[in-house]
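So you can see what is in the structure, the chains are spelled out below.
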Amino acid sequence: MSAYVPPLRDFRFLLHEVLRIDARPEIDGYADLTPDTTDAILGEAGRLAAEVIAPTNAPGDRGCVLENGVVRAPEGFAAVADALREGGWPALECDPEYGGQGLPNVIALAVGEMHSGANMALMMYNGLTHGAYSALMAHGTPEQKATYIPKLVTGEWTGTMNLTEPQCGTDLGLLRTRAEPQPDGSYKLTGEKIFISSGDHDLAENIVHLVLARIPGAPEGVKGISLFVCPKILVNADGALGPRNAVTCASLERKMGIHGNATCAMRYDGATAWLVGEPHKGLRAMFTMMNEARILVAMQGLAQAAAAYGRAAAYARERLQGRAVTGAANPDGPADPLIVHPDVRRLLLDQKAWIEGARCFLLTGSTLIDASHRHSDPAEREKASDLISLLIPVLKGVLTDTGFDSAVKAQQVFGGHGYVGDWGIEQFVRDARIAMIYEGANGVQALDLVGRKLPMKGGAPMMAYFAMIRAFLKENEADAALKADFLDPLKAASKDMQAAVEVFMAQGMKDPNAALAGSSDFMHLFGHVAIGHCWAQMAKAARAALTEGTDDAAFYEAKLRTGRYYMSRLLPETGLRLARIRSGAEVVMDMPAEAF
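Below is a short write-up of the structure. A quick note: this is a predicted structure, and the numbers were derived from the prediction, not measured.

1. A word on the layout of surface pockets
Here the second largest pocket is characterised by a volume of approximately 1,100 Å³. For the lining of the second largest pocket, the secondary-structure elements that each account for two or more residues are helix H1 (8-18), helix H9 (342-374), helix H10 (378-413), helix H13 (460-475) and helix H16 (519-548). Looking at which element gives the most residues to the lining of the second largest pocket, the answer is H16, with nine residues. Residues that form the lining of the second largest pocket fall into these classes: 21 nonpolar, eight polar and 14 charged.

Right, dumping it as structure tokens:
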């Protein structure tokens, strides 16, 4: 079984040669991220991923256990949780005022990819905790921040988000959990939640639940939802832990993957809780967590694909099977390695080209998150915020859809061995599948993109994105080699995307179904253009390094070969997506429901 290999060389290239983060002092914290600094952080994070976290992935697949009302995480998880706390990893991106390290998101997301690639289910405990931290930082009272945030930052306490109920998932307007006000200003929560990741476990002293519920007399629908903080163990005025709260795990969900994470059905029986933010404004507050969670889920899709690809590539180089059609490549052996076969190479290159492009896209999005919070110019902060809002559904939808597809291709390289558990590859397929569903199913991401994000601010963010592509093409049009292999394909793909937007503009007002029927295709078309743009930027940086002279020419030459594969074999899918969008809604909507 191949070990997890962190993509440290790729991170160095992306951060310092493509994104050039240390040359952007206008974003607070970036000037300090020199190559030596990021090498040290990511090197240690990669070592932890490979040596400490990854060995728990396969054993963790045996799952959590609910015993006498207590959820127990898989063996070995507690030791990793301790190592993460001791190393300060949960505090990486958190506010120094509360004990955090204050590093930019771009570093935290790179660390997150490696740790999630090593064990996605385990790292979900920390991911949900950071989401709870962010929501309380944005909407909590000073007292709530003082009570909960320092312990969330250290990882001594973990967090959750409680949205889904048996009768409502995406449609939170159907939510029924009640919050009864008490004379002391607290509330009593009563209701049931399902699919609650990290809902109960024995990896931390306390669990801080953020729960959506309705106050009596609240308006119907989503306008009547409030957000509450509800700890598993109540906290005394001096900060010490007090009695157990009336919140319990009723059962553990039986599920396809991420068995090492406790996905719980939660029961609130008059549990003590406190309002976070304003009454009836809970959905807005919860979306602080949701938007962050969607970026993290996009990262999970990439991480599982990358980890699976690493195993598939190693297997294809080592596994002897058949002979190359052009003659024996391994004449002294009984057969040639799998990697000589064109279709195996197709599977591997599909993965490699997409993963490296998607990693660049994800980190590019992360720099926009940083700019939206840390840029010295308020106008630039607003522009970055608008652009990442546009890109969030694309990142979440495309990186999880295609991340799962990539993991399936990695499994295919193993043949029959990929279908059994001995090689560990089928776990990546099962674990990757959830990322397409939770934190907003990908069909919902597509609807959000077309229905809300495209027309946002009169379409200004979308127009700004097109302007960015045009500016890049114009700036580099004199480079003949770059133009032929990268700029011309990118230009053609971006024209497909503009044509799709024009279809939506022409049909959307007259027939909303026409736009929404093409929404998933548009999301993937957008994703291809974004990744194609990333590949063009990577190719420019790789060519510059080769021109200037380097002792790592093989790395840059492989980049260019991989990029050319993406531009010639994967990017042309934009034409197919455009054709589907142009077909309109009739073929989708004219079938009577009873005919299905």
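2. What to know about the side chain of Thr402
For Thr402, the location among the structural elements is in helix H10. For Thr402, a relative accessible area of 19% gives the class buried.

3. What about the nonpolar core?
Ranked by size, the top nonpolar core spans 153 residues in total, and within it Leu399, Tyr465, Phe522 and Phe526 carry the most contacts. Here this core gets 15 residues from one element, more than from any other, and that element is H16. Discounting chain neighbours no more than four positions away, the residues touching Tyr465 are Leu387, Leu390, Leu391, Met497, Phe526, Val529 and Ala530.

4. Some words on the packing of H9 against H16
Axes are the key here: two packed helices are described by the angle between their axes and the distance separating the axes. Where H9 meets H16, the closest approach of the two axes is 8 Å, and the angle between their N-to-C directions is 95 degrees. In terms of orientation, H9 and H16 fall into the roughly perpendicular class. When H9 is examined against H16, the residues Ala353, Trp354, Glu356, Gly357, Ala358, Cys360, Phe361 and Thr364 are found in contact with a partner set consisting of Ala530, Ile531, Cys534, Trp535 and Met538. A per-class count over the contact of H9 with H16 returns ten nonpolar, two polar and one charged.

5. Some words on the pattern of salt bridges
Applying the stated criterion across every chain yields a total of 37 salt bridges. Between Glu356 and Lys352 there is a salt bridge, and its shortest N-O distance comes to 2.6 Å. Here Glu356 and its partner Lys352 are both found in helix H9, four residues apart, which amounts to about one turn of the helix. Among the residues examined, Glu356 registers a relative accessible area of 10% and is labelled buried. The partly exposed category is assigned to Lys352, whose relative accessible area is 22%. Between Asp479 and Arg543 there is a salt bridge whose closest N-O contact spans 2.9 Å.

6. Describing empty space enclosed by the protein
A full pass over the atoms with the stated rule returns two cavities of 30 Å³ or more. Of the pockets and cavities examined, the largest cavity occupies roughly 120 Å³. As for the largest cavity, its lining consists of Phe77, Ala81, Leu84, Arg85, Pro90, Leu122, Tyr125, Asn126, Gly155, Thr158 and Leu203. Of all the elements in the fold, those that place two or more residues in the lining of the largest cavity are helix H4 (77-86) and helix H6 (120-139). Element by element, the count of residues in the lining of the largest cavity is highest for H4, at four residues. When its residues are assigned to classes, the lining of the largest cavity shows seven nonpolar, three polar and one charged. Its boundaries defined by the atoms lining it, the second largest cavity holds a volume of some 50 Å³.

The rules behind these values
Residues numbered from 1 in each chain as written. Predicted model: local features only at pLDDT ≥ 70, side-chain atom pairs only at ≥ 80, totals over all residues. Heavy atoms only, no water. 1 Å grid on protein atoms, 1.4 Å probe; cavity = no way out; pocket = protein on both sides within 12 Å on 5 of 7 lines; lining within 4 Å. Points joined across faces, edges and corners; volume = space filled by probe spheres on them. Helix = DSSP H or I, 4+ residues; strand = E, 2+ residues; numbered from the N terminus. Nonpolar A, V, L, I, M, F, W, Y, C, P; charged D, E, K, R; others polar. Buried < 20%, exposed > 50% of the residue type's maximum accessible area, 1.4 Å probe, protein only. Core = buried A, V, L, I, M, F, W, Y, C linked by side-chain atoms within 4.5 Å. Contact = heavy atoms within 4.5 Å. Axes fitted to C-alpha atoms, helices over the stretch in contact; angles between N-to-C directions. Parallel < 35°, antiparallel > 145°, perpendicular 65-115°, else oblique. Salt bridge = Lys/Arg side-chain N within 4 Å of Asp/Glu carboxyl O.

These results come straight from atomic positions and should not be treated as a statement about function.
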